[in-house]
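Okay, here's what each chain looks like letter by letter:
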Amino acid sequence: MNPTTSTAAATRPPTARSGASAHSGLARRSFLFRRESRTAWLMLAPALVLLAWWCAAPIVQSVILSFQNVSKYELSQREFAGLDNYTQLFADPAFGRSVGITVTFVLGVVPAQTILALLVASTLHGATKGKAVFRTAFFVPYMTSTVAITTIFMQLFVKSGPITSLMTVFGLPNTTWYADPDLALAFLVIIYVYMFVGLYIVIFVGGIETVPAELYEAAQMDGAGVFRRFWTVTLPGIRPFAVFVVVAGVIQAVQVFDQAYVISGGTVLGSPAGATSTIVIYIYQQAFRLSNIGIASAATVLLLVVVVVAGVISRRIGAKEA
């Protein structure tokens, strides 16, 4: 061995040796990360292909169809229509009415289920026994068949039924709610809130449990009562969860279909008298009853835009809250 080389290596500063070692370790970790990433993408590839086939492809196809004239019986014969489908869509009074009904439905559902879920979750958080049982009980309707729940509610809200008879005390008419144009949408809101509120209760319970217990203890030591602690500690602590619940509630509510379909019996959708004709009902009518695939696709694209915008708003607000 060359004495000069050995002496140079022995007298090399420790910082230089440690820097080279750190660089070597960093390069190795980078190599391992790239190899693991390739392996992960390879394992995810089948699922990603199926996801693109089942989700992305229909979305692209709907956008394309929205600019074409096509019948469901002649899908191979298409012609470019430009913006005609969108022009006809906005000129259709039925579409305008379906938008109004959907907005009214969302304004009835989202505040009701958000406030109710928050109140129930706060109550469950303060409970000492049976919390898991009640949480499961509230969540069961969300997991139950839509047809089953809607059918049961239709029996409860029939003329001279248990609920309608009780409602007469509050001045409401003793009538079949889902057959009354003035009450059918309210009936739909009640069913929907009952089915989905359990999901948001579970979300709020999880959110409340993330609030540090020390904050409640400090507020209690300062003399804050139950409502004061709820207003000053719970609400600020679960703000990101509340934003998620509201935005998710809007996204789900604008897509309501099953309950309205069951109410109409699958015959005259939107009945009675179009009182439950939501946007998705309108899309279904145009596509499968009237064979206006282009107009139905245009309405679907607009609904997709609403959902995407709501999702973007949710992410931005959530990022700010974080």
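Every value quoted in this text rests on a predicted model; they were computed, and no experiment measured them. (Residues numbered from 1 in each chain as written. Predicted model: local features only at pLDDT ≥ 70, side-chain atom pairs only at ≥ 80, totals over all residues. Heavy atoms only, no water.)

### Considering the overall build of the protein chain
Phase 1 of the analysis: When its secondary structure is counted, the protein chain shows 14 helices and 2 strands.
Phase 2 of the analysis: With 322 residues in all, the protein chain has 34% of them scored as buried.
Phase 3 of the analysis: Residue pairs at least 24 apart in sequence account for 66% of intrachain contacts in the protein chain once pairs closer than 6 positions are excluded.
Phase 4 of the analysis: Approximately 19100 Å² of the protein chain is accessible, and the part contributed by carbon and sulfur atoms is 68%. (Helix = DSSP H or I, 4+ residues; strand = E, 2+ residues; numbered from the N terminus. Buried < 20%, exposed > 50% of the residue type's maximum accessible area, 1.4 Å probe, protein only. Contact = heavy atoms within 4.5 Å. Areas by Shrake-Rupley, 256 points an atom, 1.4 Å probe, with all protein chains shown as cover.)

### Topic: the packing of helix α4 (residues 93–126) against helix α8 (residues 184–209)
The description of two helices packed together rests on the angle between their axes and the distance between the axes.
Phase 1 of the analysis: Relative orientation of the contacting elements α4 and α8 amounts to 40°, with a least axis distance of 6 Å. As the angle between them shows, α4 and α8 are arranged oblique. Read as a crossing pair, α4 and α8 show a hand that is right-handed. (Axes fitted to C-alpha atoms, helices over the stretch in contact; angles between N-to-C directions. Parallel < 35°, antiparallel > 145°, perpendicular 65-115°, else oblique. Left-handed = near helix turned anticlockwise from the far one by under 90°.)

### A closer look at the nonpolar core
Phase 1 of the analysis: Counting 69 residues, the largest nonpolar core has Phe105, Phe187 and Tyr200 as the members making the most contacts within it.
Phase 2 of the analysis: The element that contributes the greatest number of residues to this core is α8, accounting for 17 residues.
Phase 3 of the analysis: Setting aside residues up to four positions removed in sequence, Tyr200 forms contacts with Gln113, Ala117, Val245, Ala248, Gly249 and Gln252. (Core = buried A, V, L, I, M, F, W, Y, C linked by side-chain atoms within 4.5 Å.)

### Here's the deal with the packing of helix α6 (residues 146–156) against α8
Phase 1 of the analysis: Relative orientation of the contacting elements α6 and α8 amounts to 130°, with a least axis distance of 11 Å. Classified by the interaxial angle, the pair formed by α6 and α8 is oblique. Judged by the twist between their axes, the crossing of α6 over α8 is right-handed. Counted together, Thr146, Ile149, Thr150, Phe153 and Met154 of α6 and Phe187, Ile190, Ile191, Tyr194 and Met195 of α8 form the full contact between these two elements.
Phase 2 of the analysis: Here the residues of the contact of α6 with α8 sort into 8 nonpolar, 2 polar and no charged. (Nonpolar A, V, L, I, M, F, W, Y, C, P; charged D, E, K, R; others polar.)

### So, unusual backbone geometry
Phase 1 of the analysis: Unlike most non-glycine residues, Ser160 shows phi in positive territory, near 65°.
Phase 2 of the analysis: Of note, Ser291 is a non-glycine position whose phi angle comes to about 60°, a positive value.

### Concerning α6
Phase 1 of the analysis: Every buried residue of α6 is accounted for by Thr146, Ile149, Thr150, Phe153 and Met154. When α6 is viewed along its axis, its buried side chains cluster within an angular range of 140° and face the same direction. Along α6, the residues that are exposed and aim more than 90 degrees away from the buried face are Ile152 and Gln155.
Phase 2 of the analysis: At its buried positions, α6 is contacted by α5 (131–143), α8 and α12 (258–263).
Phase 3 of the analysis: By the N-cap criterion, in which a side-chain oxygen at the helix start approaches the backbone nitrogen of a residue two or three places on, α6 is capped by Ser145, the distance to Val147 being 3.3 Å. (Arc of directions from axis to C-beta. Polar contact = N/O pair within 3.5 Å; in protein donor to acceptor, adjacent residues only side chain to side chain.)

### Comments concerning the confidence of the model for the protein chain
Phase 1 of the analysis: When pLDDT is averaged along the protein chain, the result is 83, and 87% of the positions lie at 70 or above.
Phase 2 of the analysis: In this model, residues 3–10 is a region of pLDDT below 50 whose contacts with residues beyond four sequence positions or in other chains number 3 contacts. (pLDDT = per-residue confidence, 0-100.)

### Examining the packing of aromatic side chains
Phase 1 of the analysis: Counted under the stated rule, the structure contains 16 aromatic pairs.
Phase 2 of the analysis: Taken together, a centroid distance of 5.5 Å and an interplanar angle of 35° make the contact between Phe257 and Tyr261 tilted.
Phase 3 of the analysis: Ring geometry for Tyr284 against Phe288: centres 5.1 Å apart, planes inclined by 45°, an arrangement best described as tilted. Taken together, the positions of Tyr284 and Phe288, both in helix α13 (residues 279–289) and 4 residues apart, correspond to about one turn of that helix.
Phase 4 of the analysis: An aromatic cluster of three or more residues is present, and its members are Phe153, Phe157, Trp177, Tyr178, Phe187 and Tyr194. (Phe/Tyr/Trp six-rings, centres within 6.5 Å; stacked < 30°, edge-to-face > 60°.)

### Section: a nonpolar patch on the surface
Phase 1 of the analysis: Judged by side-chain polarity, Ile59, Val63, Leu304, Val308 and Val312 come together as a nonpolar surface patch covering roughly 340 Å² of accessible area.
Phase 2 of the analysis: Broken down by element, the residue count for the nonpolar patch peaks at 3 residues, all from helix α14 (residues 293–321).
Phase 3 of the analysis: Checked against the element boundaries, Val63 lands in helix α2 (residues 14–65).
Phase 4 of the analysis: Residue class for Val63 comes out partly exposed when judged on its relative accessible area of 31%. (Patch = residues over 30% accessible without salt bridge, like charges linked within 9 Å, V, L, I, M, F, W, Y side chains within 5 Å. Salt bridge = Lys/Arg side-chain N within 4 Å of Asp/Glu carboxyl O.)

### Details of helix α10 (residues 226–237)
Phase 1 of the analysis: With 12 residues, α10 extends 15 Å between its outermost C-alpha atoms, agreeing within 8% with the 16 Å of an ideal straight helix rising 1.5 Å per residue.
Phase 2 of the analysis: Here α10 has its buried residues at Arg229, Val233 and Thr234. Around the axis of α10, the buried residues are gathered within 90° of arc, so they sit on the same side. Residues Phe227, Arg228 and Trp231 are exposed on α10 and point more than 90 degrees away from its buried face. (Expected span 1.5 Å × (residues − 1).)

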